[in-house]
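A look at the structure
The lines below spell out each chain.
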Amino acid sequence: MKAIMKKVSGPGLVMEQVKKPTQEDLGPRDVLVKIRRASICGTDVHIYKWDEWSQSRIIPPLITGHEMAGEVVAVGSAVTQVKVGDLVAAETHIPCEHCYQCKTGRMHICKNLKILGVDTNGIFAEYAIIPETVLWRFSPEIPLDYASVMEPFGNAIYTASVTNLLGKTVLITGAGPIGLMAIQVAKVAGASTVIVSEVDPLRIKMAYENGADVVINPAEKDLVREVYKLLDDGVDVLLEMSGNRRAFEDGLKCVTMGGEVSVLGIFGGKIEINFDALITMRGLAVYGITGRRMFETWRIADELLRTKKVDLSKVVTHILPFDQWEKGFELMLNKQCGKVVLNLD
Ligand code: NAD
Ligand code: ZN
């Protein structure tokens, strides 16, 4: 079968012919999935670039990729949760199921967490072996192209749902694919006003298409001043989705005293902020967001897509044949896209 791999240490990925896994390769709780759609995540781009993080984490040879929609074609001897023919997406956080966090309803922050396509072979291939624990049987009404992005959609949902957004004013810093999805989620959750900060022209346009009330480009205008011009009290809630240090610091300044902050963005190292002045003395509540709640977030994602409360056609900008994966990575590297989905049918 064809698979996209990090074959050796260094930048780039290659598409290679590898042995197709079969029933014999399945552990008792493993599932063989025929991949029908796969989408490219920022993490795959990090692995492609071979940045510092990838060098410390990835052990080649490795099949990369973790966002997917597929069909169950074989199951291990002890599998009970899915059957052949089921359509499935995958949670990428593979939990151990026995640590303190797993045992207390917090599998998404398992102490022994493995990440699909990072610590184990991933789904950029015609077939993949995936443990049944992380499979989500999505509603058949959901188009495969959108089911493929349920995992990052779940990031948007989890970040936006740790606080009650009903009637609240919200600032989203960063309108990458996840920020774009969060705009729609915030609106569905009842936010009265969604302000977005974004520096990239294409993504500014996309933020409006996804329902932002106002988009501010902090490279052109002072974000804090602009937000207080619009709202005397600043915003009730900040959703940080840029991973940019300056965006976070300015975002915090935009939050009203006693407001709430969810941080999804990864800054990639230490950041310096005046914690006393910006957080403690202003009584802010700050939530760090990792992954998705398993599986409360997935249920919400499924319902919002099944009932078309969220329209991902404004986020999935490219659907390419699997063989054109290099074009997909190029689009991602140049940020000339929302989500890029690869079609393996
Ligand atoms: P992305 O990199 O595509 O999006 C980030 C966006 O922020 C880009 O559109 C960029 O132009 C914009 N940006 C950059 N500087 C900015 C600034 N100063 N002000 C406003 N916007 C700015 O990433 P994504 O895939 O949408 O993910 C969003 C963030 O969430 C990333 O930092 C990613 O690493 C992180 N992430 C975290 C988790 C988790 O579990 N915590 C999971 C997935 C992604
Ligand atoms: Zn665990």
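Since the model is a prediction, treat every value here as computed from it, not as a measurement.

**Observations regarding the packing of aromatic side chains**
Tallied over the entire structure, the rule returns 7 aromatic pairs. Consider the rings of Trp325 and Phe329, whose centres lie 6.0 Å apart with planes at 85°: the pair is edge-to-face. Taken as a pair, Trp325 and Phe329 lie in helix α12 (residues 325–333) at a separation of 4 residues, close to a single helical turn. What makes Phe329 buried here is its relative accessible area of 0%. Just above the ring of Tyr127 sits the side chain of Lys20; from NZ or CZ to the centre is 4.3 Å. Between the NZ or CZ atom of Arg106 and the centre of the ring of Tyr100, over which it lies, the distance is 5.1 Å.

**Some words on the UniProt feature "domain: Enoyl reductase (ER)" (unreviewed entry) in the protein**
UniProt's entry tags residues 10–342 with the feature "domain: Enoyl reductase (ER)" (unreviewed entry), counted in the numbering of this structure. As annotated, residues 10–342 comprises 30% helix and 25% strand, and the C-alpha atoms at either end are separated by 24 Å.

**Overview of the sheet that holds strand β16 (residues 285–288)**
Spatial ordering of the open sheet is given by β13-β12-β11-β14-β15-β16, a layout of 6 strands whose pairing is parallel. In this open sheet, the two edge strands, each paired with only one partner strand, are β13 (214–216) and β16. Across the sheet, the axes of successive neighbouring strands diverge by a mean angle of 20°, strand direction being ignored.

**Regarding the coordination of the zinc ion (ligand 2)**
Ideal coordination angles are 109.5 degrees for a metal with four donors arranged tetrahedrally and 90 or 180 degrees for a metal with six donors arranged octahedrally. Binding of the zinc ion (ligand 2) to the protein goes through Cys96 (SG), Cys99 (SG), Cys102 (SG) and Cys110 (SG), at separations of 2.3 to 2.4 Å. One can describe the donor arrangement at the zinc ion (ligand 2) as tetrahedral, given that its 4 donor atoms subtend angles of 101 to 118° at the metal.

What counts as what
Residues numbered from 1 in each chain as written. Chains lettered and ligands numbered in written order. Predicted model: local features only at pLDDT ≥ 70, side-chain atom pairs only at ≥ 80, totals over all residues. Heavy atoms only, no water. Phe/Tyr/Trp six-rings, centres within 6.5 Å; stacked < 30°, edge-to-face > 60°. Helix = DSSP H or I, 4+ residues; strand = E, 2+ residues; numbered from the N terminus. Buried < 20%, exposed > 50% of the residue type's maximum accessible area, 1.4 Å probe, protein only. Lys NZ or Arg CZ within 6 Å of the ring centre and 35° of its normal. UniProt positions renumbered as here; feature names shortened; annotations may be inferred. Pairing = 2+ DSSP bridges. Axes fitted to C-alpha atoms, helices over the stretch in contact; angles between N-to-C directions. Donors = N, O, S within 2.8 Å, 3.2 Å for Na, K, Ca; no water. Tetrahedral: all angles 85-135°; square planar, octahedral: opposite > 155°, others 65-115°.

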